[in-house]
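# Understanding the architecture of this molecule
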Amino acid sequence: MQVAILMIHVAIAIALVVLILLQQGKGAEAGAAFGGGASQTVFGSRGSGSFLSRTTAVLAAAFFATSLTLAYFGSQSGRAPEAGIPDSRLIEQQRGLPTLDDEASDVDNTAPVLEESDG
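Residues numbered from 1 in each chain as written. Predicted model: local features only at pLDDT ≥ 70, side-chain atom pairs only at ≥ 80, totals over all residues. Heavy atoms only, no water.

## A short note on the overall build of the protein
Heads up, the condition is: Per the convention used, a helix needs a DSSP run of H or I reaching at least four residues, while a strand needs a run of E reaching at least two, with both numbered from the N terminus. To sort residues, take the accessible area from a 1.4 Å probe on protein chains only and compare it with the maximum for the residue type: under 20% means buried, over 50% means exposed, and anything in between is partly exposed. In this description, contact between two residues means that some pair of their heavy atoms is separated by no more than 4.5 Å. For accessible areas, the Shrake-Rupley method is used with a probe of radius 1.4 Å. Any residue's cover is judged against the shown protein chains and nothing else.
Counting its secondary structure elements, the protein contains four helices and zero strands. Its helices and strands taken in sequence order, the protein reads α-α-α-α from the N to the C terminus. Burial status across the protein gives 10% buried among its 119 residues. Sequence-distant contacts in the protein: of pairs separated by 6 or more residues, those separated by 24 or more amount to 80%. For the protein, the computed accessible surface area is about 10300 Å², with 61% contributed by carbon and sulfur atoms.

The structure is reproduced here in structure tokens:
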């Protein structure tokens, strides 16, 4: 259920970004006075303002609703989200590497000695 709502939430977010970028700014009407009058004929004589504004408002309300729903599901899950850096002992155990606390008596930790050569 959460995955479906999350997918809808992401789709609404993308649609909101696209719709907001499609809308014209407040000063866009000044360009129509200089010969750009045919730029809004796709949406009729009133232009795209009311259609895009209404659709943006509906998508914003749906985005708000899905945000609240996801927040509710997140609070009801009962477990804290895993954040931060995990403990190093846990990582070493998962990789099967020896930890720093392990006693390794069979390992020779002496440094090699270089022999001096005369010549």
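## Focus: the environment of T55
As for its position among the elements, T55 is in helix α3 (residues 49–76). A relative accessible area of 24% places T55 in the partly exposed class. Sequence separation of T55 and A15 is 40 residues, and the distance between their C-alpha atoms is 9.8 Å.

## Describing the confidence of the model for the protein
Under the convention used in this document: The quantity called pLDDT is the predictor's confidence in a given residue, expressed from 0 to 100.
Across the protein, the average pLDDT comes to 75, with 54% of residues at 70 or higher. The least confident element of the protein, judged by mean pLDDT, is helix α2 (residues 29–32) at 58; the most confident is helix α1 (residues 2–22) at 94.

## Side note on the side chain of H9
Locating H9 in the fold gives a position in helix α1. When neighbours within four sequence positions are excluded, H9 is seen to be in contact with F63, T66, S67 and L70.

## Quick look at the environment of L59
Inspection of the secondary structure assignment puts L59 in helix α3. Judged by its relative accessible area of 18%, L59 falls in the buried class. Considered as a pair, L59 and H9 are 50 residues apart in the sequence and their alpha carbons are 9.9 Å apart. Beyond its immediate stretch of four places on either side in the chain, L59 contacts I12, A15, L16 and L19.

## What about a nonpolar patch on the surface?
Rules: Within the patch definition used here, like charges are joined within 9 Å and nonpolar side chains (Val, Leu, Ile, Met, Phe, Trp, Tyr) within 5 Å, considering only residues with over 30% relative accessible area and no salt bridge. Criterion for a salt bridge: a side-chain nitrogen of Lys or Arg within 4 Å of a carboxyl oxygen of Asp or Glu.
A contiguous nonpolar surface patch, about 450 Å² in accessible area, is contributed by L6, V10, I14, V18 and L22. Checked against the element boundaries, V18 lands in helix α1.

## Topic: the packing of aromatic side chains
Centre-to-centre distance and the angle between the planes together describe a pair of aromatic rings. Test applied: Two rings belonging to Phe, Tyr or Trp (six-membered ring only in the last case) form a pair when the distance between their centres is within 6.5 Å. Interplanar angles under 30 degrees mark stacking, angles over 60 mark edge-to-face geometry, and anything in between is tilted.
For the coordinates displayed, the defined rule picks out one aromatic pair. With a centroid separation of 6.1 Å and an interplanar angle of 50°, the aromatic rings of Y72 and F73 are classed as tilted. On the accessibility criterion, F73 (24% relative accessible area) is partly exposed.

## Brief notes about the environment of M7
Counting through the fold element by element, M7 comes out in helix α1. Counting along the chain gives 59 residues from M7 to T66, while the straight-line C-alpha distance between them is 10.0 Å.

## Focus: the nonpolar core
The line we're drawing: Take the buried Ala, Val, Leu, Ile, Met, Phe, Trp, Tyr and Cys residues and link them wherever side-chain atoms come within 4.5 Å; each set so joined is a nonpolar core.
Within the largest apolar cluster, five residues are counted, these being I12, L16, L19, L52 and L59. Among the elements of the structure, α1 and α3 are those that each provide at least two residues to this core. When residues in this core are grouped by element, the largest group, three residues, is from α1. If we skip the residues at most four places from it in the chain, L52 touches L19, L22 and Q23.

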